[in-house]
Amino acid sequence: MQPAALNRFASVLPASRVLVRPAELAAYESDGLSAYATRPLAVVVPETCAEVVEVVRACRDLQLPFVARGSGTSLSGGSMPVADGIVIALNRLNRIECIDPVERIAVVQPGVVNAQVTAAAAAHGLYYAPDPSSQSVCTIGGNVAFNSGGAHCLKTGMTSNHVLGIRAVLATGEVVEWGGRSRERTGPDWCGLFTGSEGLFGVALEIVLQLLPVPEMFHTVLAGYSSLEAAGDAVSAVIAAGLLPGALEIMDRLALEAATAAVHADYPPGSEAVLIVELEGPREVVEVERRKLEEILRASGPLEMRPARDMGERAAIWKGRKSAFSAVGRLSADFLVQDGVVPRRRLGEALRQIGTMASAAGLRVANVFHAGDGNLHPLILFDGRQPDGLARAEALAGDILRMCVQMGGSITGEHGVGMEKRDYLPDMFSADEIDCMQRIRAAFDPLGIANPGKMFPGGEAPALSHHGLHPLEKAGTIERM
Amino acid sequence: MFEPATLAELQDAVRGAPRVLCVGAGTKPRLSAVEGVRISTRQLCGIVEYDPAEFTFTALAGTPLAEIVAVLAEQGQHLPFDPVLVEAGSTLGGAVASGLSGPGRFRFGGVRDFLLGVQCVDGLGRLLRLGGKVVKNAAGFDVPKFVVGSLGRFAAIGAVTFKVFPRPAATRTLSLPARPGLLERLAAGRWNIDAIDIPPGGQRVLVRLVGPEEALEPLAADLLRALSAGDDAAEVAPEFWNDLREFRWALPTGVLVKSAITPGQVGDFTAGHVSCGGNVAYTSVATAAEIPAHLVGLTLTGNAPLWVGGRPRYAVEAAVKQAFDPDHRFPSLDD
Ligand SMILES: Cc1cc2nc3c(=O)[nH]c(=O)nc-3n(C[C@H](O)[C@H](O)[C@H](O)COP(=O)(O)OP(=O)(O)OC[C@H]3O[C@@H](n4cnc5c(N)ncnc54)[C@H](O)[C@@H]3O)c2cc1C
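Residues numbered from 1 in each chain as written. Chains lettered and ligands numbered in written order. Predicted model: local features only at pLDDT ≥ 70, side-chain atom pairs only at ≥ 80, totals over all residues. Heavy atoms only, no water.

Peer 1: Would you mind going over the packing of aromatic side chains with me for this structure?
Peer 2: Aromatic ring pairs are described here by two measures, namely the spacing of the ring centres and the angle between the planes. Scanning the entire structure with this criterion turns up 19 aromatic pairs over all chains. By way of ring pairs, the aromatic residues A:W178, A:W190, A:F194, A:F201, A:F444, A:F456, B:F141, B:F146, B:F154, B:Y314 and B:F324 are connected into one cluster. Over the aromatic face of B:F55 sits the side chain of A:R344, whose NZ or CZ is 4.6 Å from the ring centroid. Of note, B:R311 hangs over the ring of B:W307, and the distance from its end group to the ring centre comes to 5.5 Å. (Phe/Tyr/Trp six-rings, centres within 6.5 Å; stacked < 30°, edge-to-face > 60°. Lys NZ or Arg CZ within 6 Å of the ring centre and 35° of its normal.)

Peer 1: In this structure, what is going on with the side chain of A:E51? I would like to understand it.
Peer 2: Residues and elements named next belong to chain A. Among the secondary structure elements, E51 is positioned in helix α3 (residues 49-62). The buried category is assigned to E51, whose relative accessible area is 16%. Within the structure, E51 has its side chain in polar contact with the side chain of R17 (distance 2.9 Å). Setting aside residues up to four positions removed in sequence, E51 forms contacts with V12, L13, R17 and P46. (Helix = DSSP H or I, 4+ residues; strand = E, 2+ residues; numbered from the N terminus. Buried < 20%, exposed > 50% of the residue type's maximum accessible area, 1.4 Å probe, protein only. Polar contact = N/O pair within 3.5 Å; in protein donor to acceptor, adjacent residues only side chain to side chain. Contact = heavy atoms within 4.5 Å.)

Peer 1: Could you clarify how one ought to interpret the confidence of the model for chain B in this entry?
Peer 2: Residues shown with low pLDDT carry predicted positions that ought not to be read at fine detail. With 100% of its residues at a pLDDT of at least 70, chain B reaches an overall mean of 96. Predicted as a complex, the structure gets a pTM of 0.95 and an ipTM equal to 0.97. (pLDDT = per-residue confidence, 0-100.)

Peer 1: Got a minute to help me understand the sheet that holds strand β17 (residues 297-301) of chain B in this structure?
Peer 2: Adjacent strands of a sheet form backbone hydrogen bonds with each other and so pair up, either parallel or antiparallel. Residues and elements named next belong to chain B. Pairing within the open sheet is antiparallel, and its five strands lie in the order β15-β16-β14-β17-β18. Only two strands of the sheet have a single neighbouring strand rather than two, namely β15 (273-275) and β18 (307-308). Where strand β14 (residues 255-260) and strand β16 (residues 280-285) come together, six bridges link them in antiparallel fashion. Bridge pairing in β16 places A260 opposite V280. (Pairing = 2+ DSSP bridges.)

Peer 1: Looking at this structure, how should I read the pattern of salt bridges?
Peer 2: Scanning the model with the defined rule gives 62 salt bridges over all chains in all. Of the charged contacts in the structure, one is a salt bridge between A:R185 and A:D189, with a shortest N-O distance of 3.3 Å. Take A:R185 and A:D189: they sit in the same class, and that class is buried. Ionic pairing is found between B:D51 and A:R345, a salt bridge with its closest N-O pair at 2.5 Å. Within this pair, whereas B:D51 is found in strand β3 (residues 47-51), its partner A:R345 is found in the loop between β18 (340-341) and α12 (347-361), the two belonging to separate chains. Beyond isolated ion pairs, a larger network of salt bridges with shared partners links A:E216, A:R283, A:E284, B:R190, B:D222 and B:R225. (Salt bridge = Lys/Arg side-chain N within 4 Å of Asp/Glu carboxyl O.)

Peer 1: Just checking my understanding: could you explain the environment of A:L19 for this structure?
Peer 2: Residue and element names in this part refer to chain A. Tracing the backbone through its elements, the reader meets L19 in strand β1 (residues 18-19). With 24 residues separating them along the chain, L19 and V43 place their C-alpha atoms 5.0 Å apart. Look past the residues within four positions of L19 in its chain and what remains in contact with it is E24, L25, Y28, L41, A42, V43 and V45.

So this is what it looks like as structure tokens:
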């Protein structure tokens, strides 16, 4: 380690919380995009917000790049270290500072795990709506940086729609506080700009989240179809009827096979696709809407419809759905999770094209997606032992992303650009638009030290590493969605 | 004054004078009461794209909200945040730049939560399309959100893309006598309430229930029973919301200030209109001299400082202004 840097951090943190030995650094070299790895100069482990501020100011003074890190579950390489930079590990800043049942808000430190917010709010009949499938491990700080989503975005929105206030230390060392405990604000929405900035502006220190009352009733239906198109048409019919379900999800045959193998999920025989629709609300409303939904689904020609009769059956439906990603690990040791968006009406066409491109590339693709949002998650299966295995999978992933943009959609719905998709940003934005974003970035971070090499095209590629599941998935701690 | 009719003409207009500011219908006059050549968005008008099945539309900035509301209603859809000053002639771009949402903000969020994308001209005269056109997008910085409430001080808004929702089949409005703790009980209840407002005077609480017609009767009855609202509760006509949205209660030539508050502060604002379950307050006074000392907020109309009670200032804010508008073609937030 450079002695100057070492000395400076030693004056901020005890030596035990400045990790420099290779064995200690190993756990931080990758994130959820586990095909790549980079070794940082050091990992620092602050325990207070004041320490984070000091660390960032030290990085500024030393012009050392830093990467904030929550649980490292980013699927786009967002939390991958910068070579010879600092990793600021935020997991010890894990205090829920307050749950206010009257104002229906939570004030949390960035290292608080997503699911813990809902767990703490449950006693008051409240919950935190954004529910990425990594919610049992991913942190609010990471969610804020990536504006993370989940299965309920169409109705309740993404992380950004639930962040009321942010206190952060910017890469300049300035500490700012935007928004607050009110659900409204006046003036430009700085909080909205910070959310989704992928760690390129600075480090969030404290976040105010809005909480919602837990819906009184859920009604979840699983329907099997003989083709993906038929399932897609059913989604359109639900939307056309004016219903606004809490969730509208589709799994294709390969994803169903995987879920069946992994968690013994049981699907209507012969299904090429399964649609999951969930209504939520007061019982009076759900009772009326469920009859309407049943009519629509019956008219959509399903092989079979299975409404959940109790919370146990509902949980089983969701277990199959939420396990689908890691379950694909049973079909192939190596796979890439993609994340793109197309206009909803073009879902069927998009899936057909993905199928065609996959066969041309000689690769298998399983599809699990948030059909209500047009948010695709193609899982590209490949063999990492073949010399060009990963390269071919990445080429197909790139083709899929370009197709999304051509259809008027987006290169990412919820996983962020990170390192992985930075070269696709120009497919979506013009040179002027990227320049505008870079100017904004420079306003927050004139030295370019906050998570450099992410989001914007160019920059050094990190080294290839191992393949397969995230270490936490292998341990069965988290599952993909 | 410039009157661009296309986005290219908007670029020309921005480049056309050293100091410019977009104005819509001028329904929040204090926000544009600054020196500079006006760029009227009157001609920059029309819905560019609307696909009900996608839950999205794109329209030019000068499109009247009334037109948007009507076109969406034909397809059984709406902007759930309940835009304000619709009848007064307010434009879509003005709603975004001012960041004003109506009572419906309570349930699903405000303008910021439904704005997906923006086409704007920065201070360098470049037309930029930021955000996306689909209901979900996480690529690039969320500039559309930043533009909400930015008062045209960073870029000129040319067109916007919004997410919309199906319009509830039916609505029902109850008026309850105000009492301590009522807001919280309503907000945390099981009834899925769409809006909770306290009209000026602070005596009543307006509650809007939405859903299928046949569900609303039992839902309303249950709500009244659970809160023992008793004889003093009444069902009222939906026009009440309209009067609030149009600020018909405010002094016509006075000062109107918007404040972001928390439910705990509601007691300080009983003279004005408290909206969004106690998260927004509007105060109307005859002159700036009568503005209560504790008030912090944004002046929408009348002769008073733009930022009542001041606003926080950070070095980065000036730097971001510089990034969008290095030659200061647009006024600053303090002008
Ligand atoms: C199995 C699996 C399932 C997933 N499912 C979903 C899903 O359903 N929906 C979804 O949206 N995502 C999903 N993800 C992606 C990932 O979980 C999210 O992006 C999550 O928000 C990352 O949180 P984290 O704590 O792991 O952040 P990290 O990976 O540690 O960091 C992510 C980014 O945030 C930055 N960051 C972290 N903390 C801060 C802070 N305090 N201030 C500023 N920047 C910070 C980092 O620098 C990095 O750029 C999934 C990932 C996995 C592995």
